[in-house]
Amino acid sequence: MAAVSATSIRFGSTFRTASWSSNQTGGRISNVKLVSMGISKRILPSLRSPHFHICCAAKPETVEKVCEVVKKQLALKDEIVLTPDSKFSALGADSLDTVEIVMGLEEQFGITVEEDNSQNITTIQEAADLIEKLVQQKAEA
């Protein structure tokens, strides 16, 4: 099975973002996000600019594990297809369900999610991105 991942940054005359995703062999999902933004006077933009944002998608394996935890915590049927853009609220989760999902993710990945971060998780992709960040921080510590 082949996996594809890519990141691209292009400096151009306008600021645009684009996302692309496709199903890979075995039902895995791969995301590619592109960012382009304008510059003037041949000076590179400041990375502190509020308009400069680079988003790195989590590994497909992480997204898949998050989907499994969400299905288990919400007792969803196997026929229900979850995508990275699936919102917990659209799946019928209330605030208590979201707390239970976060606890399940903490147990699955061996991490601790701070309360501030857990309140910002509304989709599977957001959860997977946060998990990748926390796992990386744990490995560096």
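Up top you'll find the structure we're talking about.
Residues numbered from 1 in each chain as written. Predicted model: local features only at pLDDT ≥ 70, side-chain atom pairs only at ≥ 80, totals over all residues. Heavy atoms only, no water.

> So what exactly am I meant to see when it comes to the side chain of threonine 123 here?
Looking at the secondary structure, you find threonine 123 in the loop between α3 (115–118) and α4 (124–140). Using a relative accessible area of 10% as the deciding quantity, one classes threonine 123 as buried. Of note is the side chain of threonine 123, whose polar atom sits 3.1 Å from the backbone nitrogen of glutamate 126. In this structure, threonine 123 is in contact with Pro84, Asp85, Ser86, Lys87 and Phe88, ignoring residues within four places of it in sequence. (Helix = DSSP H or I, 4+ residues; strand = E, 2+ residues; numbered from the N terminus. Buried < 20%, exposed > 50% of the residue type's maximum accessible area, 1.4 Å probe, protein only. Polar contact = N/O pair within 3.5 Å; in protein donor to acceptor, adjacent residues only side chain to side chain. Contact = heavy atoms within 4.5 Å.)

> Would you mind going over the nonpolar core with me for this structure?
A general tendency of soluble globular proteins is for nonpolar side chains to be buried together. Val66, Val70, Phe88, Leu105 and Ile124 are the most contacted members of the largest nonpolar core, which has 24 residues in total. For this core, the secondary-structure elements that each account for two or more residues are α1 (60–73), α2 (95–109) and α4. The biggest single contributor to this core is α4, with six residues. What leucine 105 contacts, discounting residues up to four positions off in sequence, is Val66, Val69, Gly110, Ile111, Ala127 and Ile131. (Core = buried A, V, L, I, M, F, W, Y, C linked by side-chain atoms within 4.5 Å.)

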